[in-house]
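Inside the fold
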Amino acid sequence: MKPSPIALLPLLLFLAMFIGSGIYYQNQAVEFAFYQISAPVAILPAIWLAMLLAKGPLNERIETFIKGIGDNTIITMVVIYLLAGGFASVAKAIGGVDATVNLGLSLIPDPLVLPGLFVISAFIATAMGTSMGTIAAMAPIAVGVADATGIEMALAAGTVIGGAMFGDNLSIISDTTIAATRTQGCEMRDKFRLNAKIAIPAAALTIALLFTMGGSGEVSTTDDTNILLVLPYIAVLVMALSGLNVMLVLFSGILFAGVVGMAQLPDYSVAQFSKDIYAGYTGMQEILILSMLIGGLGAMMKSQGGVEYIAGMIDRLTRRKHNHEPSPRSGEVSIGAAVALTNVATANNTVAIVLSGALAKDIANRYGVDPKRSASLMDIFSCVVQGFLPYGAQVLLAASIAKLSPLELVGSIYYCALLGIAAIISILLGRPKR
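Some details on the packing of aromatic side chains
- In this structure the tally under the stated criterion is 7 aromatic pairs.
- Measuring from ring centre to ring centre gives 5.9 Å for Phe87 and Tyr233, while their planes differ by 90°; the resulting arrangement is edge-to-face. Of the two residues, Phe87 is situated in helix H5 (residues 72–93) and Tyr233 in helix H12 (residues 231–241); the sequence distance between them amounts to 146 residues.
- Consider the rings of Phe166 and Tyr415, whose centres lie 5.8 Å apart with planes at 70°: the pair is edge-to-face. Of this pair, Phe166 sits in helix H9 (residues 153–170) while Tyr415 sits in helix H22 (residues 414–429); the two residues are 249 residues apart in sequence, bridging distant segments of the chain. The burial state of Phe166 is the same as that of Tyr415; both residues are buried.
- Aromatic rings pair up to connect Phe118, Phe166 and Tyr415 into one cluster.

Here is the structure:
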């Protein structure tokens, strides 16, 4: 297929609709302005435009779109989304989140309030697979800690966001991890290991920095901690790192969480277990639908030469001056830049990964970047950017709980800055060609 910039118009229309609605509602002083028009709705005009631009009989255009939706990668991603949502919902319903928070708070030494908040937030996000859920659980605690200890409110809230982004980046049930590994065609365990080599040093530096900046004070728990309710999270993490298929891991986690709930909670029945699983399914509805629609739109743009055009542009921009051999380092820079710019436009790290996934895979193939490395960089750079967007959901949620301006808050999220620096250093040091 001949490269064509015209094939990119549907994608540009989608971004214009999504960003334009966000700017409009922001000017109207509406909270969460960039989330008033959901992405699965904003993409519909783009699909219509792609149908108009495509050549050939209408039935063939529709068939290309449907094949994109039914792509093996897309369907696999959808199933994993459903299972991840079901597990997270059941584990939360049985009290796993509260138990994990209380367990962590009970272990914080008084002089380590800020590092403790970061570590607990990081563990919860890694276990739950959601930065938003972690911030919702931990931000009120951070506010109380700030009031009790005299620590700056923005610093306490920023610490929670940083820990949440750490866990969201590493968690095997995070939607960003699912999207990154499925689009790049690698195993979650392998991506986890590469991510950890960059994220853990950044987290260690963050903890050291927070230790020098934080005060001390007593952090009390509200209830006795039932450690059994934490076990489903730990079991899923251990099974995933052992190399089991992620679908089997999540399915086993759902069953285990249900058994623990029925054993520990007198009123937790099979019927409630079923309702909680389904609630998890519905919680994944938006990203599930968007992934399928983007799969179809991506297939149409690819069939019209859109992906080839972008790849050619990147090839010309990143080719070394005196050597026409493709450089893995240039490919890694291109992958990071692509997902970062998309994230700035969409204000959603998962959406950014889904949107740029096919392009990143093409770049990785052209430049000899290992798929797990590509997936790792996509997830890292999307989390870095998301942590600095004053109009991103994570910052908006924490700012609303802490009663702060989002612009005031983004300057206190040190982990995301250190993660970005660590990722850039990793690229500059270079990795062996695949």
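Concerning H9
- The end-to-end C-alpha separation of H9 is 26 Å, in line with the 26 Å expected for 18 residues at 1.5 Å each.
- Most of H9 sits out of view: 18 of its 18 residues are buried.

Details of a nonpolar patch on the surface
- Taken together, the side chains of Phe123, Leu228, Leu231, Ile234, Val238 and Phe256 make up a nonpolar region of the molecular surface, amounting to roughly 460 Å² of accessible area.
- Considering each element in turn, the nonpolar patch owes the most residues, 3 residues, to H12.
- By relative accessible area, Phe256 is classed as partly exposed at 31%.

Digging into the side chain of Arg61
- You can see Arg61 is positioned in helix H4 (residues 58–69).
- Here Arg61 occupies a buried position and makes no salt bridge, while the nearest side chain of opposite charge, Glu60, is found at 7.6 Å.
- Among the polar contacts made by the side chain of Arg61, one reaches the main-chain carbonyl oxygen of Gly56 at a distance of 2.9 Å.
- For Arg61, the contacting residues outside a window of four places in its chain are Met51, Leu52, Ala54, Lys55, Gly56 and Met300.

Comments concerning the nonpolar core
- One finds Phe14 and Ile43 to be the most contacted residues of the largest nonpolar core, which totals 129 residues.
- When residues of this core are assigned to their parent elements, the largest contribution, 11 residues, is made by H9.
- Setting aside residues no more than four positions away along its own chain, Ile43 makes contact with Phe14, Leu290, Leu293, Ile294 and Leu297.

Details of the pattern of salt bridges
- Counted by the stated rule, this structure contains 5 salt bridges.
- A salt bridge links Glu332 to Arg373; its shortest N-O distance comes to 3.1 Å. Highlighted residues: Glu332 in helix H17 (residues 328–346) and Arg373 in helix H19 (residues 371–386), separated in sequence by 41 residues. Summarising the burial analysis for this pair, Glu332 and Arg373 share the class buried.
- With a shortest N-O distance of 3.3 Å, Lys372 and Asp370 are connected by a salt bridge.
- Relative accessible area serves as the criterion here: at 28%, Lys372 is assigned to the partly exposed category.

Points about the packing of helix H7 (residues 113–128) against H9
- The interhelical angle for the contact between H7 and H9, taken along N-to-C directions, is 35°, at an axis separation of 7 Å. Crossing of H7 over H9 shows right-handed handedness. Contacts between H7 and H9 involve Leu114, Leu117, Phe118, Ser121, Ala122, Ala125 and Thr126 on the former and, on the latter, Leu155, Ala156, Thr159, Val160, Gly162, Gly163, Ala164, Phe166, Gly167 and Asp168.
- Broken down by class, the residue content of the contact of H7 with H9 amounts to 10 nonpolar, 6 polar and 1 charged.

Some details on the packing of H9 against H19
- Where H9 meets H19, the axes come as close as 10 Å, and the angle between the chain directions of the two elements is 160°. Considering their axes alone, H9 and H19 lie roughly antiparallel with respect to each other. Crossing of H9 over H19 shows right-handed handedness. Counting all contacts with H9, which are made through Met165, Asp168 and Asn169, the residues of H19 involved are Asp379, Ile380, Cys383 and Gln386.
- In terms of residue class, the contact of H9 with H19 is built from 3 nonpolar, 2 polar and 2 charged.

How each quantity is defined
- Residues numbered from 1 in each chain as written.
- Predicted model: local features only at pLDDT ≥ 70, side-chain atom pairs only at ≥ 80, totals over all residues.
- Heavy atoms only, no water.
- Phe/Tyr/Trp six-rings, centres within 6.5 Å; stacked < 30°, edge-to-face > 60°.
- Helix = DSSP H or I, 4+ residues; strand = E, 2+ residues; numbered from the N terminus.
- Buried < 20%, exposed > 50% of the residue type's maximum accessible area, 1.4 Å probe, protein only.
- Expected span 1.5 Å × (residues − 1).
- Patch = residues over 30% accessible without salt bridge, like charges linked within 9 Å, V, L, I, M, F, W, Y side chains within 5 Å.
- Areas by Shrake-Rupley, 256 points an atom, 1.4 Å probe, with all protein chains shown as cover.
- Salt bridge = Lys/Arg side-chain N within 4 Å of Asp/Glu carboxyl O.
- Lys, Arg positive; Asp, Glu negative; His and termini not counted.
- Polar contact = N/O pair within 3.5 Å; in protein donor to acceptor, adjacent residues only side chain to side chain.
- Contact = heavy atoms within 4.5 Å.
- Core = buried A, V, L, I, M, F, W, Y, C linked by side-chain atoms within 4.5 Å.
- Axes fitted to C-alpha atoms, helices over the stretch in contact; angles between N-to-C directions.
- Left-handed = near helix turned anticlockwise from the far one by under 90°.
- Nonpolar A, V, L, I, M, F, W, Y, C, P; charged D, E, K, R; others polar.
- Parallel < 35°, antiparallel > 145°, perpendicular 65-115°, else oblique.

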